[in-house]
Amino acid sequence: MIEIENVRKSFGTLEVLKGINLSIEKGEVLCLIGGSGSGKSTLLQCINGLQSIQGGNIIVDGTNVHARDTNLNTLRQKLGIVFQQYNAFPHLTALENVALAPRVVKKQSRRDALDLAREHLDYVGLGSKADMKPSGLSGGQQQRLAIARALAMKPAYMLFDEVTSALDPELVGEVLDTLRKLKESGMTMIVVTHDVAFARESGDRVAFFDQGVICELGPARQVINDPKEERTRQFLQRVLH
Amino acid sequence: MQFQLPYSGLQWSDLPYVLLGVWNTLILTLAAATFGTLIGVVIGWLRQDVPVARVVLAPYVDVTRSVPLIIQFILVNSSFALAGIPLEPLWVGVIVLSLYMGVLTSELVRAGLGAVRFQLKWASRSLGMSYWQELRYVSAPLALRTFFPGWIGTVIALTKDTALVSVVGYVELLRASQVLINRTNEALLVLAGTGLFYFAICYPISLYSRRLERTFQHD
C-alpha cells in the first residue's frame, strides 16, 4: 500500500504540489489526469524518491520514502517506473537492457539474468528483438522495453509517467495493450495519462489534478462520465472535444 | 689561411643518437599520457559531480590551461632547483605535461559525463542501482564514446608538445635533430626525417583510434 499524506513540493518559489493526500491499495489501478504542470508527474517522481519533498510523507508498505535512514536503492526495487521519454540504455541490446539491473542490483548470475530478461521481453512482445540496440527499435518498442526492464526487478508497484505522450499515434495502442495486460495480472499501478479513454476503461479510480491539488477523486467512470467539480468538467470538455 | 669547418655530413653512426631521441620522446609521451589521463579522469569526474570540487579546482585548471607550456617547464625546473632538489629533465617534463594533460583530459571527461541525459541516470537509479553502479554501467560507458575521439587528439598533441621539454635540456627527438643540424648543416633533410618520425609515432595512434571508434558505435 502506498500512502501519500499532505505532500508538498516546490521548485524554488514555485509550489507544484500543495498538500496531496492519496492512498493506493494493492491491486488497484489509479489514473492521474490533469493539465500540463498540474503536478502529476512530479508526484510520481516523489513516490520513487527521485525528487525530494518539502512537507508531508510518502509511505510505501510502511517505509517512509523520504526518511533519512531509508535505503532508497532497496525501496526502488519495489517501485518500477517508466517515463515519458524512452530511456533505454543506448549502448546495450534490448536483452542486456533488461538483464542489467537484475545482474548488478540483485546479483543474479549472468545466465539467470539473461533468462529472466528473455522471459520479460517475451511478455511485452519483444522476444524477437532481444539482440537489437534501442536505436533499431521504434518508439513503441522502446517504451515496451522500458516496461520489461522495470518488470524484471519484480516490483510490487508500477508507476507510469505519460508513457504514450511521446509516441506517434499509431504506436500508442501497443503500449496501452501492455498496460492492460499488466492490469489483468493484478499489478498495482499508478498511471499518469492524458488518455482519458484509457483512464475510464482501465482505471479503478481517477484523480484529477489541478494546480498542485487533487481537485476530484473517485471511481474512474464516475469522475470521467459525471464529474462533480466544475474544473474537472471544463478539463474533460477540453480534452474530449 | 685555411679554415677547417667543423661540419661533417650525416652518417649512419648518427642513427643511434636519433633513436635515443625517439625513445625519449616515446617514454615522456607514455608517462605523461598515463598520469595525465588518470589525473584527468578523477578531476573531470569531481568537477562534474561534486560542486565543491568545481570551485576548489578552478585555479589549477585555469592556470595550467592559460600559461604557455614553455614557461611552465622553466618555472618548474627553476623552482625545484632553487628549493635545492634539482630534477632530471625527464621528470620536469613528466610533471608539467601530466598536469597539463590532466586538465585537458578533465575537460573531456566532464563533457562526456555531462552529455549523458539525466533521464538515463534516473532510469538506472529507479531500478535500484546505486550511484556507483549507475556510473560504472551506464554513465561511464556512454561518456567514453564522447570522450575518446577528443582524448586521442589530445594524446597526439601531447606527443608533439614533448618537443618543448628541450628547453630544460631533455634530449628528445627534436633536440637530437637540432644537434645534428648544428653539426651537419643539413637542416632540411634532418627536419624532414624528424617529421617522419613524429608521423610514425602519431599516425598509428590515430589509425587505432578510428578502429576503436567503430567498435564503440551503437547505431
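Everything numeric in this text was worked out from a predicted model, so none of it was measured.

Points about the overall build of chain B
Looking only at helices and strands, one finds 8 helices and 0 strands in chain B. Ordered by position in the sequence, the α and β elements of chain B form the string α-α-α-α-α-α-α-α. Computed over its C-alpha atoms, the radius of gyration of chain B comes to 22 Å, more than 25% above the 17 Å expected for a compact globule of 219 residues. In terms of overall dimensions, chain B has a C-alpha envelope of 90 × 45 × 20 Å along the principal axes. In chain B, 81% of the contacts between residues at least 6 apart in sequence involve partners at least 24 apart.

Some points on the packing of helix α2 (residues 51-66) of chain B against helix α4 (residues 89-114) of chain B
All names here are of chain B. Close contact between α2 and α4 brings their axes to 9 Å; oriented N to C, the two are set at 115°. By the angle between their directions, the pair α2 and α4 is classed as roughly perpendicular. Crossing of α2 over α4 shows left-handed handedness. Where α2 approaches α4, its residues V61, T64 and R65 are matched on the opposing element by L99, Y100, V103 and S106. Of the residues assigned to the contact of α2 with α4, the class counts are 4 nonpolar, 2 polar and 1 charged.

Some thoughts on the pairing of strand β1 (residues 2-11) of chain A
Remember that side chains alternate between the two faces of the sheet whenever the strand is regular. All names here are of chain A. Pairing analysis gives 8 bridges linking β1 to strand β2 (residues 14-24), with the strands arranged antiparallel. Bridge pairing links V7 to I20 in β2. Hairpin connection, β1 to β2: the antiparallel pair is bridged by 2 residues, and G12 has positive phi, about 65°. Here β1 pairs with strand β4 (residues 55-60) via 5 bridges, running antiparallel. Counted as the bridge partner of R8 is G55 from β4.

Focus on the UniProt feature "transmembrane region" (unreviewed entry) in chain B
The UniProt record marks residues 20-46, 67-85, 91-116, 137-158 and 187-208 of chain B with the feature "transmembrane region" (unreviewed entry), using the residue numbering of this structure. For residues 91-116 of chain B, the end-to-end C-alpha separation is 37 Å, with 92% helix and 0% strand making up the annotated structure.

Rules used in this analysis
Residues numbered from 1 in each chain as written. Chains lettered and ligands numbered in written order. Predicted model: local features only at pLDDT ≥ 70, side-chain atom pairs only at ≥ 80, totals over all residues. Helix = DSSP H or I, 4+ residues; strand = E, 2+ residues; numbered from the N terminus. Rg over C-alpha atoms; globule rule 2.2 N^0.38 Å. Contact = placed C-beta atoms within 7 Å. Axes fitted to C-alpha atoms, helices over the stretch in contact; angles between N-to-C directions. Parallel < 35°, antiparallel > 145°, perpendicular 65-115°, else oblique. Left-handed = near helix turned anticlockwise from the far one by under 90°. Nonpolar A, V, L, I, M, F, W, Y, C, P; charged D, E, K, R; others polar. Pairing = 2+ DSSP bridges. UniProt positions renumbered as here; feature names shortened; annotations may be inferred.

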